[in-house]
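One-letter residues, chain by chain:
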Amino acid sequence: MSKVLIIEDEVAIADLEKDYLELSGFNVEIENDGNRGLARALNEEFDIYILDLMLPGTDGFEICKKIRENKNAPILMVSAKKDDIDKIRGLGLGADDYITKPFSPSELVARVKAHLSRYERLINSNMQENDVIELRGLKIDKTARRVWVNEEEKQFTTKEFDLLCFLAQNPNRVFSKEELFRQIWALESVGDIATVTVHIKKIREKIEYNTAKPQYIETIWGVGYRFKV
Ligand code: CA
């Protein structure tokens, strides 16, 4: 289920957006204050952000800019003034879409769906076709077999690199340890599936900011692992 964060200080509008999105199967969270909204946007994982422009605390311009620097998810900006929309476009803050109030909730839902599927296609093709994968500060050069985290190069063993690369090229798909073992160690008779766990742990120590709350390689309990985009 896709997670949506709405940052909107007009409670009635936020609730209306939430109701319609929930009817379409989205999991929706609301923040009515700009500072709290920005903190959640940066510290939690959402699939799409809907931002009002004028907010108490941090305004929508600043929130948009900060999300774009840190997250790979679509941003929809909402504003009551057509002029403001022109201003946002002009600033090039990296918003994906703009909606003027009042808007029909069903139009909002349609746009949210369209942006989510566009992002999914874009990310999947990027991950598979490009030689360099870049995501939230992680950079993997598949040809040179080098990895950087926030511009700092990290050393990987052959198998660690193969495993990271395989997961990153197949984002958002859950693989069992057995599948990963077959993919990466198939031709060798050494090791067993516990090797996968050990390698995931080592990769996380190199790429994750907080290994207790991994933002790249997620553990799906009882199933396996998934590279999250
Ligand atoms: Ca407002």
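Residues numbered from 1 in each chain as written. Predicted model: local features only at pLDDT ≥ 70, side-chain atom pairs only at ≥ 80, totals over all residues. Heavy atoms only, no water.

Points about the coordination of the calcium ion
Move 1: All of the protein donors around the calcium ion are D9 (OD), D52 (OD) and M54 (O); their distances to the metal are 2.1 to 2.3 Å.
Move 2: The motif formed by the donor residues of the calcium ion, counted along the single chain, is D-x42-D-x1-M. Remark: M54 occurs in the loop between β3 (48-52) and α3 (60-70) and D9 occurs in the loop between β1 (3-7) and α1 (11-23); sequence separation between them is 45 residues.
Move 3: What makes D9 partly exposed here is its relative accessible area of 30%. (Donors = N, O, S within 2.8 Å, 3.2 Å for Na, K, Ca; no water. Helix = DSSP H or I, 4+ residues; strand = E, 2+ residues; numbered from the N terminus. Buried < 20%, exposed > 50% of the residue type's maximum accessible area, 1.4 Å probe, protein only.)

Focus on the sheet that holds strand β8 (residues 146-149)
Move 1: Pairing is antiparallel in the open sheet, where four strands are placed in the order β6-β7-β8-β9. Among the strands making up the open sheet, the edge pair consists of β6 (132-135) and β9 (152-154). This sheet shows a mean twist of 20° between the axes of neighbouring strands, independent of strand direction.
Move 2: Direction of pairing for β6 relative to strand β7 (residues 138-141): antiparallel, over a ladder of four bridges. Looking across to β7, one finds that V132 is bridged to D141. (Pairing = 2+ DSSP bridges. Axes fitted to C-alpha atoms, helices over the stretch in contact; angles between N-to-C directions.)

Topic: the packing of helix α2 (residues 34-43) against α3
To characterise two packed helices, one gives the angle between the axes of the helices and the distance between these axes.
Move 1: Between α2 and α3, the shortest axis-to-axis distance is 10 Å and the interhelical angle comes to 10°. Classified by the angle between their axes, α2 and α3 sit roughly parallel to one another. Contact residues: α2 offers G34, L38, A41 and L42, while α3 offers I63, K66, I67 and N70.
Move 2: In terms of residue class, the contact of α2 with α3 is built from five nonpolar, two polar and one charged. (Parallel < 35°, antiparallel > 145°, perpendicular 65-115°, else oblique. Contact = heavy atoms within 4.5 Å. Nonpolar A, V, L, I, M, F, W, Y, C, P; charged D, E, K, R; others polar.)

With respect to the nonpolar core
Move 1: Residues I140, L164, I207, I217 and F227 are the most contacted members of the largest nonpolar core, which totals 31 residues.
Move 2: When contributions to this core are tallied by element, the ones reaching two or more residues are α5 (105-129), β6, β7, β8, α6 (158-169), α7 (177-185), α8 (194-207) and β12 (224-227).
Move 3: Broken down by element, the residue count for this core peaks at seven residues, all from α6.
Move 4: With near-sequence residues (within four places) excluded, L164 lies in contact with I140, V147, F156, I203, I207, I217 and F227.
Move 5: Counting 21 residues, the second-largest nonpolar core is a separate cluster that includes F61, I63, M77 and Y98. (Core = buried A, V, L, I, M, F, W, Y, C linked by side-chain atoms within 4.5 Å.)

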